[in-house]
Amino acid sequence: MIKSYEQLQWEMDIIDEFIEKAYEGLIIVDQEGKIIKFKYERLLDVKEEEVIGKHVTEVVENTRLHIVLKTGQPEIGDIQTIKGHNVVTSRIPIIRNGIIVGAVGTILFKDILEVQHMAEHIDQMKRYVKKYKQDLKRLNVAKYTFDQIQTKDRKMQATIDLAKRTALTNSSIFIEGQSGTGKEYFAHAIHEASYRKYGPFVKINCASIPESLIESELFGYEPGAFTGASHHGKIGKFELANGGTLFLDELNSMPFEMQGKLLRIVEERELERIGGNQRIPLDIRFITACNEDLLKLVKEGKFRSDLFYRLNVVHLRLPSLKERKRDINMFANQILTTFSSEYPKCPKFFSKEAMHSLESYHWPGNIRELRNIIESAINQASGNTVTVAHLPEFIKLDTPNVLPVETPEAGNLKSIMEQIEIKIILDTIRQANGNRSEAAKRLGIHRTALYKKLNKYET
Ligand SMILES: Nc1ncnc2c1ncn2[C@@H]1O[C@H](COP(=O)(O)OP(=O)(O)O)[C@@H](O)[C@H]1O
Ligand SMILES: [Mg+2]
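Residues numbered from 1 in each chain as written. Chains lettered and ligands numbered in written order. Predicted model: local features only at pLDDT ≥ 70, side-chain atom pairs only at ≥ 80, totals over all residues. Heavy atoms only, no water.

Novice: Would you take a moment to explain the overall build of the protein for this structure?
Specialist: When its secondary structure is counted, the protein shows 19 helices and 16 strands. Oriented by its inertia axes, the alpha-carbon framework of the protein measures out at about 110 × 85 × 50 Å. Burial analysis of the protein (459 residues in total) assigns 41% to the buried set. Here the contacts in the protein between residues at least 6 apart in sequence split such that 61% fall between residues at least 24 apart. Summed over all atoms, the accessible surface of the protein reaches about 26,500 Å², with 53% contributed by carbon and sulfur. Distance between charge centres in the protein, computed from 65 positive and 62 negative side chains, equals 8 Å. (Helix = DSSP H or I, 4+ residues; strand = E, 2+ residues; numbered from the N terminus. Buried < 20%, exposed > 50% of the residue type's maximum accessible area, 1.4 Å probe, protein only. Contact = heavy atoms within 4.5 Å. Areas by Shrake-Rupley, 256 points an atom, 1.4 Å probe, with all protein chains shown as cover. Lys, Arg positive; Asp, Glu negative; His and termini not counted. Charge placed at Lys NZ, Arg CZ, Asp CG, Glu CD.)

Now the structure itself:
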């Protein structure tokens, strides 16, 4: 169908309008650089009719459209100064059948400042996203369940069983264990296994809040309750945890004065916000945790005994990793498996000596520390096996020099002693990555004595 003149005119008008709205400015030139389209009124105070047919260099300062006609190379996102503004422009040659027949210049931003503003805007959006991600993390929900708490240790299994049973009651639970033994995991899992699991799980670390703020954090306050208080007031953690579980971590750091106030909440199950006079009923399950011997603090008069007994209805003691030797092996292998499922090049095994070192170390940071050490060893290992060479020095130093010694072959006592001696020496050298001076130091003998013994063995 052949279009009528009116229809073509109408379509052209639409395209014209689109061009005007889409770009801050637009120029089309023919192959000689003469202007055939000019939508530049927003930048230059010149009408299209006045410039049609003129060479572009006569009309637009610093133009390069005539150069693009020669090079045939597009110039995208260039900065051009027009009337004192640094505009962001693009120049594209129009090519028909391999011949340059013209060029289009468009202005994308009237001022480079607009680009900067946009970049700042994007930056700000990124910051918002980051903040919301953090907020989401802080949302009051429990993240771990009993399925994630694993053990091969009998004592630990008994603790898990007790925790599972008491999760179903409303009794206050006190968790005692060194840092990194899994106290927080337990608190989450207990909440998840309780009938409160659809209620909030609120955590507060008593050690991380300044003493002067802990009361308002816990109790909340009415608008303008004290100087510096927000106009809107604040909901405290007790209220936030209503209907759910409140996990008070590092309870030993609770200031003495606050202990009395906490005791009243635990006993009366009612709350009054700071500066308020309304009593709010509370339905909270308390889980508390501490990595110090709290009973010792009670005996020293540093922690209120009445509060301690109120919170310590069920006592869970999490054994340290040192006490759970079988778990060291299990966790180490688990971590390796997790890594190798994500990274195919990751090592698959621990050498016997490396595992022996891991099992002998005293792990003051418990599972948290074990995770870190293994992660770092995995990153260092390039082959199939994590060896002692990939473990930090302090772990190797902690390893007893004697590896389990197989029963030596029969012989007289002297030869048996020699066999054991050389095994210890060789093991120590291996643990010292072949460094004989270091091995001698660890064995407490002089380097020359070590060489002498080795010579005897090798001849
Ligand atoms: N039973 C477990 N199974 C697997 N990982 C655990 C277990 N217990 C603890 N972890 C690991 O140890 C880290 C420390 O646990 P966490 O509960 O925060 O210890 P705590 O509160 O006693 O310092 C956790 O982030 C987790 O990686
Ligand atoms: Mg913790």
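So that's the structure; there's more coming.
Novice: Honestly, the site of ligand 1 in this entry has me stumped. Any pointers?
Specialist: Taken together, 15 residues sit near ligand 1, with Gly180, Lys183, Tyr185, Arg368 and Arg371 positioned nearest. One nitrogen or oxygen atom from the main chain of glutamine 150 is found 3.4 Å from a nitrogen atom belonging to ligand 1. Between ligand 1 and the protein, one listed contact pairs an oxygen atom with a backbone N or O atom of tyrosine 185 at 3.0 Å. Here ligand 1, which alone exposes 550 Å², has 87% of that area covered by the protein. Looking at the shell around ligand 1, the elements that each hand over two or more residues are helix H7 (183–193) and helix H15 (366–380). Here the shell around ligand 1 is built from residues that sort into four nonpolar, seven polar and four charged. Taken domain by domain, the makeup of the shell around ligand 1 includes at least three residues from each of domain 2 (146–319) and domain 3 (322–397). (Near = heavy atom within 4 Å. Polar contact = N/O pair within 3.5 Å; in protein donor to acceptor, adjacent residues only side chain to side chain. Nonpolar A, V, L, I, M, F, W, Y, C, P; charged D, E, K, R; others polar. Domains from an automatic or database assignment.)

Novice: Explanation requested: the sheet that holds strand E10 (residues 245–249) in the structure shown.
Specialist: To summarise the sheet geometry, strands pair through backbone hydrogen bonds and adopt either a parallel or an antiparallel arrangement. Taken together, the five strands give an open sheet; going across it, the order is E7-E10-E13-E6-E14, and neighbouring strands pair in parallel fashion. Bordering the open sheet on either side are strand E7 (201–205) and strand E14 (314–317), each of which pairs with just one other strand. For this sheet, the mean inter-axis angle between neighbouring strands, taken without regard to orientation, is 15°. Sheet analysis places E7 next to E10, joined by five bridges and oriented parallel. The residue bridging phenylalanine 201 from the neighbouring strand is threonine 245, located in E10. (Pairing = 2+ DSSP bridges. Axes fitted to C-alpha atoms, helices over the stretch in contact; angles between N-to-C directions.)

Novice: Explain the environment of isoleucine 52 here, please?
Specialist: Mapped onto the elements, isoleucine 52 comes out in the loop between helix H2 (48–51) and helix H3 (56–59). Separated by 14 residues in the primary sequence, isoleucine 52 and histidine 66 place their C-alpha atoms 15 Å from one another. Discounting residues that sit within four places of it in the chain, isoleucine 52 has contacts with Ile35, Ile36 and Lys37.

Novice: It is not clear to me how unusual backbone geometry should be interpreted in this structure. Could you clarify?
Specialist: Residues other than glycine predominantly adopt negative phi, and peptide bonds predominantly adopt the trans conformation. In the Ramachandran plot, asparagine 62 falls in the positive-phi region, its phi being about 55° despite a non-glycine side chain. With respect to the helices, strands and loops of the structure, asparagine 62 is situated in the loop between H3 and helix H4 (65–71). Look at asparagine 62 and you get partly exposed, because its relative accessible area is 47%. Despite not being glycine, arginine 269 has its phi angle at roughly 50°, a positive value. Tracing the backbone through its elements, the reader meets arginine 269 in the loop between helix H10 (256–268) and strand E11 (270–272). Judged by relative accessible area, which is 28%, arginine 269 ranks as partly exposed.

Novice: Looking at this structure, how should I read the domain arrangement of the protein?
Specialist: A common way to report how large an interface is uses the accessible area buried once the components associate. The assigned domain composition of the protein is domain 1 (5–111), domain 2 (146–319), domain 3 (322–397) and domain 4 (413–456). For domain 2 versus domain 3, the separation of C-alpha centres amounts to 34 Å. Among the residues of domain 2 in contact with domain 3, Gln150, Lys152 and Gly180 are the three that bury the most area, contributing 45% of the side total. For the interface between domain 2 and domain 3, the tally reads two salt bridges. A salt bridge links glutamate 323 to arginine 317; its shortest N-O distance comes to 3.1 Å. Scanning the region where domain 2 abuts domain 3 turns up 10 residue pairs in polar contact (both at pLDDT 80 or more). (Buried area = accessible area lost by both parts, 1.4 Å probe. Salt bridge = Lys/Arg side-chain N within 4 Å of Asp/Glu carboxyl O.)

Novice: What is the right way to read the packing of helix H13 (residues 325–342) against H15 from this model?
Specialist: The axes of two packed helices give the description: the angle between them and the distance between them. The geometry of H13 relative to H15 is characterised by a closest axis approach of 10 Å and an angle of 45° between their N-to-C directions. By the angle between their directions, the pair H13 and H15 is classed as oblique. The two elements H13 and H15 cross, and the hand of that crossing is right-handed. Across the interface between the two elements, Ile328, Phe331, Ala332, Ile335, Leu336 and Phe339 from H13 touch Ile367, Leu370, Arg371, Ile374, Glu375 and Ile378 from H15. Looking at the contact of H13 with H15 residue by residue, the class counts come to 10 nonpolar, no polar and two charged. (Parallel < 35°, antiparallel > 145°, perpendicular 65-115°, else oblique. Left-handed = near helix turned anticlockwise from the far one by under 90°.)

Novice: Is there a simple way to think about helix H14 (residues 352–360) in this case?
Specialist: Spacing of three or four residues puts side chains on the same side of an α-helix, whose turn is 3.6 residues. Across the nine residues of H14, seven count as buried, placing the element largely inside the fold. Residues Glu353, Ala354, Met355, His356, Ser357, Leu358 and Ser360 constitute the buried set of H14.

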